[in-house]
Amino acid sequence: MDQKKLAIIATKGSLDWAYPPFILGSTAAALGYEVQIFFTFYGLQLLRKNLALEVTPLGNPGMPMPMAMDKWFPVLLTALPGMQAMMTMMMKKKMAAKGVASIEDLRTLCQEAEVKFIACQMTVDLFDLDPADFIDNVEYGGAATFFEFAGETDICLYI
Amino acid sequence: MANFDQELDASGLNCPLPILRAKKTLAGLGSGQVLHIIATDPGSVKDFEAFAKQTGNELLESREEGGKFHFLIKKA
């Protein structure tokens, strides 16, 4: 049986959206898939050595908030300074309490399982990002590089 | 509980950690050896079935006892 393949495009740079690419990538690798994750635009934040990912309740009516604040707290006030930091802190605390792995851990597990990370060269240039800020073993490539692998995959996800 | 060669306590860990830890532990076992996994994540019941089906390792036993889930997986 040929080895199955999974390609993921990671485009989001917030703490909540950092989870799907790394959870699915590491799990697929554990199931025997060959996996590549292509990081583009804000998804490149997930490759930083020092992650500073946050969640924001702003513009996200589906996000459960402490004390059922999502039901009664005025939307405009979620834009107040400090709200994002507070929500991020509470989210991280909740995740730790529920035994959910940190993004750093899941990312390491992906790398240990030989999930290949590819950074979008165009976005790196566009935002003047410094590859020295990224973790090791990241490759750089463009759309054609992505399709070379994606064209042969069984599953291809855009996150 | 049947005999096993190694035990992995994944209590308190959430998806996908029990599967990832199991995969890692199985890598250290020989063919035919049995791994006993203990988990508290209710999602792990279906996940270990799916893991066994997709990796070819056999799920010998899956049961709940005292609020914990126990699995026996035989390495292919």
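Remember, predicted model here, so these are calculated numbers, not experimental data.

A. Main features of the pattern of salt bridges. Per the stated rule, a full pass over the model turns up seven salt bridges over all chains. In this structure, A:Asp133 engages A:Arg48 in a salt bridge whose closest nitrogen and oxygen atoms are separated by 3.7 Å. Separated by 85 residues along the polypeptide, A:Asp133 in the loop between helix 5 (121-126) and strand 4 (138-141) and A:Arg48 in the loop between strand 2 (34-39) and helix 2 (69-72) bring together distant segments of the chain. Since its relative accessible area comes to 37%, A:Asp133 is described here as partly exposed. Between B:Lys24 and A:Glu112 there is a salt bridge; the shortest N-O distance is 2.9 Å. Separated into two different chains, B:Lys24 in helix 1 (residues 17-27) and A:Glu112 in helix 4 (residues 103-112) make up a pair that spans both. What makes A:Glu112 partly exposed here is its relative accessible area of 48%.

B. Summary view of the side chain of A:Thr88. Residue and element names in this part refer to chain A. If you trace the backbone, Thr88 turns up in helix 3 (residues 83-97). Exposure remark for Thr88: the relative accessible area of 5% places this residue in the buried category. Among all residues touching Thr88, those that are not within four sequence positions of it are Leu15, Leu53, Glu54 and Val55.

C. Layout of the interface of chain B and chain A. Facing 13 residues of chain B, the contacting portion of chain A comprises 14 residues. Buried surface at the junction of chain B and chain A, summed over both partners, amounts to about 1000 Å²; 65% is from carbon and sulfur atoms. Taken together, the connections running from chain B to chain A amount to one salt bridge. At the boundary of chain B and chain A, one finds four residue pairs in polar contact (both at pLDDT 80 or more). When residues of the side of chain B that touches chain A are traced back to their parent elements, those giving at least two are helix 1 and helix 2 (44-55) of chain B. The element best represented in the side of chain B that touches chain A is helix 1 of chain B, accounting for five residues. Along the lines of polarity and charge, the residues of the side of chain B that touches chain A split into seven nonpolar, four polar and two charged.

D. View of helix 1 of chain B. Along helix 1 of chain B, the residues classified as buried are B:Leu17, B:Pro18, B:Ile19, B:Leu20, B:Ala22, B:Thr25 and B:Leu26. The secondary structure elements touched by the buried residues of helix 1 of chain B are helix 1 (15-30) and helix 4 of chain A together with strand 1 (6-10), strand 2 (34-39), helix 2 and strand 4 (68-74) of chain B.

E. Fine view of the pairing of strand 2 of chain B. All names here are of chain B. Of all six residues in strand 2, six are buried, a share of seventy percent or more. Alignment of strand 1 against strand 2, held across five bridges, turns out to be parallel. Among the inter-strand pairings, Asp9 is bridged to a residue of strand 2, identified as Ile38. In the classification by handedness, the crossover that spans strand 1, the intervening helix 1 and the parallel strand 2 is right-handed. Note: strand 2 against strand 4, six bridges, orientation antiparallel. Opposite His36, over in strand 4, you have Leu72 as the bridge partner.

F. Quick peek at a nonpolar patch on the surface. There is a patch of nonpolar side chains on the surface, built from A:Phe41, A:Tyr42, A:Met122, A:Leu126 and A:Phe127 and spanning about 490 Å² of accessible area. Positionally, A:Tyr42 belongs in the loop between strand 2 and helix 2.

G. Representation of the packing of aromatic side chains. Residues and elements named next belong to chain A. For the coordinates displayed, the defined rule picks out 11 aromatic pairs over all chains. Plain terms: the ring middles of Phe41 and Tyr42 are 6.0 Å apart, the flat faces sit at 70° to each other, and that makes the pair edge-to-face. Feature note: the residues Phe22, Phe39 and Phe117 constitute an aromatic cluster, connected by ring pairs. Its end group placed over the ring of Trp17, Lys12 keeps NZ or CZ at 5.1 Å from the ring centre.

Calculation criteria
Residues numbered from 1 in each chain as written. Chains lettered and ligands numbered in written order. Predicted model: local features only at pLDDT ≥ 70, side-chain atom pairs only at ≥ 80, totals over all residues. Heavy atoms only, no water. Salt bridge = Lys/Arg side-chain N within 4 Å of Asp/Glu carboxyl O. Helix = DSSP H or I, 4+ residues; strand = E, 2+ residues; numbered from the N terminus. Buried < 20%, exposed > 50% of the residue type's maximum accessible area, 1.4 Å probe, protein only. Contact = heavy atoms within 4.5 Å. Buried area = accessible area lost by both parts, 1.4 Å probe. Polar contact = N/O pair within 3.5 Å; in protein donor to acceptor, adjacent residues only side chain to side chain. Nonpolar A, V, L, I, M, F, W, Y, C, P; charged D, E, K, R; others polar. Pairing = 2+ DSSP bridges. Right-handed = clockwise from strand over helix to strand, strands pointing away. Patch = residues over 30% accessible without salt bridge, like charges linked within 9 Å, V, L, I, M, F, W, Y side chains within 5 Å. Areas by Shrake-Rupley, 256 points an atom, 1.4 Å probe, with all protein chains shown as cover. Phe/Tyr/Trp six-rings, centres within 6.5 Å; stacked < 30°, edge-to-face > 60°. Lys NZ or Arg CZ within 6 Å of the ring centre and 35° of its normal.

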